[in-house]
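Examination of the molecular architecture
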Amino acid sequence: MSRPAHFNATARLLHWGMAAMVLGMLFVGVAMVSSMTLRPMLLSLHRPLGVAILLLAVVRLANRLRHPPPPLPADLPRIQAIAAHVSHWLLYALLFAMPLVGWAMVSAAGNPVVLWPGATLPAIAPQDPAIYSLLRGAHTWLARVLFALVLLHVAAALFHAWVRRDGVFEAMARGAPPVPDRTR
Amino acid sequence: MPEPESQPPTTPPSAPPPPQPPRRASARLLAIAAVIGALALAFAWTAGWLSPQRLTPARLTDAIEGTSPEPFPGFRRAHAKGVCVAGYFEGRTEAAALSKARVLAPVRSPLLGRMSIGGGSPYGLDAQARVRSMALLLRGDDGQEWRMAMNSFPFFAVRSIEAFHAQALAGAPDPATGKPDPARLAAFAQAHPESKAFAEWARSAPWSDSFANTQYNGIHAFRFEDADGGSRMVRWSMRTQTPFVELTPAQRESADPDYLETELQARLAEGPLRWDMVVTIAGPGDDSRDPSTPWPDERDQVVVGTVVIERAEPQATGACRDTNFDPTVVPPGVSLSDDPILAARAAVYAQSFDRRQRERALGLAPRPASAPARENAP
């Protein structure tokens, strides 16, 4: 299968949309547990946004499997290429894990998983102190890992854009240049 | 997208990179480090890691823990001693004009609850606790939950979270005496004159002899929304149907440590206990943000339903143990007011819940069988 030089439009839309959502979620998450008064308001953002990210992650994975991403530059050092692959699959794994762990955690606390007034998701874990505590800790630590990965990802993207200038950043930043119209 | 100014404007994206002078490359690496550093700093600031003086739910919970003479792992940080109860709530037709919440509809909704006494010790003396409380979890026939946390005091002691924090710090026992330092308590009272009304209530309010004949007040304002789109600010109380009998000072001194729980069990053996849910509707000028100031007595009141408690069981093994009675869990038809102390409850209850469930998971909490005095129950 031939590999295009750019991500397709669906991939780019999902990438930039979810980038804003995930970064927003990480900040909402830490603000939620450190604010004295914003918790109820931020929680009402956090849950629907988390479920939206989970749904979009499904669409994104399907799109990625159907439309392979552009290859990395051939001259990229092997260690950087490995790091790129590993970090991307870790990011994908966390896009699924964070919402699912959060949903299960709220379930294990015995709290209703309210998305918005009147819309409640079913519990996906039994109410239990041990299960709750494990998931609560996991939600915090996976969030920190996710934030570190996001920083690494941004650093690598800017390194490609500003230092290597090898087209990797542009592959996600914009579409392929228009094909010249030969019928005219 | 940021474009470094030195980039040749005509370079197509896929063209091979022009060789970079090393000085320019290091400037670009610095720019990348600045972007990453700014993001990391913003994150750390949001999390409160850069501002140790900022009051956070964790720090307020620490202060509440500090009012207890010793830690009690696995128990609630406040109102640690209590008993689980169960029964039902039955709404009234009059409620529909105020709120479309299904719990208030004239049907029976299952109820799980907890009656407790104020204080951080799970072994506190029931009869000497000035503050009693009722927490409820109600589930409407639409599946939506309504959780409430109510207290026997008619208004909150302070009107800000910072003042509550100061009150907790002032109430911490002095290591030398094991009791709060009177000088610090006096300094707090002087700095927070609004707390005098609470002190006066604590001194003069009559002591009833049971959880059953005590009134429990929601304290905070909420917004009730009806099916026609109308809404109003309200507060509510659970007004007991059980006649008042005084608990005399002599009885308070001599009562069994678990007096209230034992007494509740004895009453429930005779039959269910009832409270009317009385909703007070805010008038002009009534402040929804200040739980330390009661609204005037002449405000309209509507009885919207009845709490019926049928059974009780020890909290060590009861269903209420692992429940966070967070009063910001409300169903459609009820929404939160802008009362900062109501919002802070959600934050601090979550901290308390996380801590005690973790202690339970780690096996630090006493096992149910070792909880004292259960054998004395009838």
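Residues numbered from 1 in each chain as written. Chains lettered and ligands numbered in written order. Predicted model: local features only at pLDDT ≥ 70, side-chain atom pairs only at ≥ 80, totals over all residues.

What to know about the overall build of chain B
For chain B, the helix and strand inventory stands at 8 helices and 10 strands. A principal-axis box enclosing the C-alpha atoms of chain B has dimensions of 90 × 60 × 45 Å. Evaluated residue by residue, chain B yields a buried proportion of 39% over its 378 residues. Taking all contacts inside chain B whose residues are at least 6 apart in sequence as the whole, residues at least 24 apart take part in 74%. (Helix = DSSP H or I, 4+ residues; strand = E, 2+ residues; numbered from the N terminus. Buried ≥ 20, exposed ≤ 12 C-beta atoms within 10 Å, placed from the backbone. Contact = placed C-beta atoms within 7 Å.)

What about the overall build of chain A?
Secondary structure assignment for chain A yields 5 helices and 2 strands. When the helices and strands of chain A are read in sequence order from the N terminus, they spell out α-α-α-β-β-α-α. Across its three principal directions, the C-alpha atoms of chain A cover 65 × 40 × 30 Å. Relative to its full complement of 184 residues, chain A shows a buried share of 29%. When contacts within chain A are restricted to residue pairs at least 6 apart in sequence, those whose partners lie at least 24 apart make up 68%.

Considerations on the nonpolar core
By size, the foremost hydrophobic cluster in this structure holds 50 residues, and its most contacted members are M134, L136, L138, W146, M238, L264 and V307 of chain B. With 5 residues, strand β3 (residues 132–139) of chain B is the single largest residue contributor to this core. (Core = buried A, V, L, I, M, F, W, Y, C linked by C-beta atoms within 7 Å.)

Here's the deal with the interface of chain A and chain B
Each side of the interface is counted separately: chain A has 39 residues, and chain B has 43 residues. Looking at the side of chain A that touches chain B, the elements that each hand over two or more residues are α1 (9–34), α2 (39–66), α4 (129–164) and α5 (168–173) of chain A. The element contributing the most residues to the side of chain A that touches chain B is α4 of chain A, with 14 residues. Split by residue class, the side of chain A that touches chain B holds 23 nonpolar, 10 polar and 6 charged. (Nonpolar A, V, L, I, M, F, W, Y, C, P; charged D, E, K, R; others polar.)

Some thoughts on the confidence of the model for chain B
Residues and elements named next belong to chain B. Averaged over chain B, the pLDDT score is 92; the fraction of residues at 70 or greater is 91%. Below a pLDDT of 50 lies the segment residues 1–13, which in the model reaches 7 contacts outside its immediate sequence neighbourhood of four places, other chains included. This model gives residues 370–378 a pLDDT under 50, and the stretch forms 13 contacts once residues within four places in sequence are excluded. The complex prediction reports pTM at 0.91, with the ipTM value standing at 0.93. (pLDDT = per-residue confidence, 0-100.)

A few points about helix α2 (residues 57–66) of chain B
Residues of α2 of chain B that are buried: P57, L60, T61, A63 and I64 of chain B. All buried residues of α2 of chain B lie within an arc of 155 degrees about the axis, which places them on one face of the element. Where α2 of chain B is buried, its residues touch α1 of chain A together with α3 (161–170) and α8 (340–361) of chain B. (Arc of directions from axis to C-beta.)

Notes on unusual backbone geometry
Phi at R165 of chain A is positive, roughly 50 degrees, even though this residue is not glycine. Of note, I219 of chain B is a non-glycine position whose phi angle comes to about 65 degrees, a positive value. Relative to the elements of secondary structure, I219 of chain B occurs in the loop between β5 (216–217) and β6 (222–225). Look at I219 of chain B and you get buried, because 23 C-beta atoms sit within 10 Å.

Details of the pairing of strand β1 (residues 81–91) of chain B
Residue and element names in this part refer to chain B. In terms of burial, β1 is a largely internal element, 8 of the 11 residues being buried. Bridge count for β1 against strand β2 (residues 108–117) is 10 bridges, and the pairing is antiparallel. Following the sheet pairing, E90 is matched in β2 by R108. Here β1 pairs with strand β9 (residues 301–314) via 9 bridges, running antiparallel. From the neighbouring strand, V83 faces β9, where its bridge partner is P314. (Pairing = 2+ DSSP bridges.)

Thoughts on the packing of α2 of chain B against α8 of chain B
All names here are of chain B. Where α2 contacts α8, the two axes come as close as 9 Å, and the packing angle between them is 70 degrees. On the basis of the axis angle, α2 is roughly perpendicular to α8. In this structure, α2 crosses over α8, and the sense of that crossing is right-handed. Between α2, through P57, A58, L60 and T61, and α8, the contact on the second element is made entirely by A347, V348, A350, Q351 and S352. Split into classes, the residues belonging to the contact of α2 with α8 amount to 6 nonpolar, 3 polar and no charged. (Axes fitted to C-alpha atoms, helices over the stretch in contact; angles between N-to-C directions. Parallel < 35°, antiparallel > 145°, perpendicular 65-115°, else oblique. Left-handed = near helix turned anticlockwise from the far one by under 90°.)

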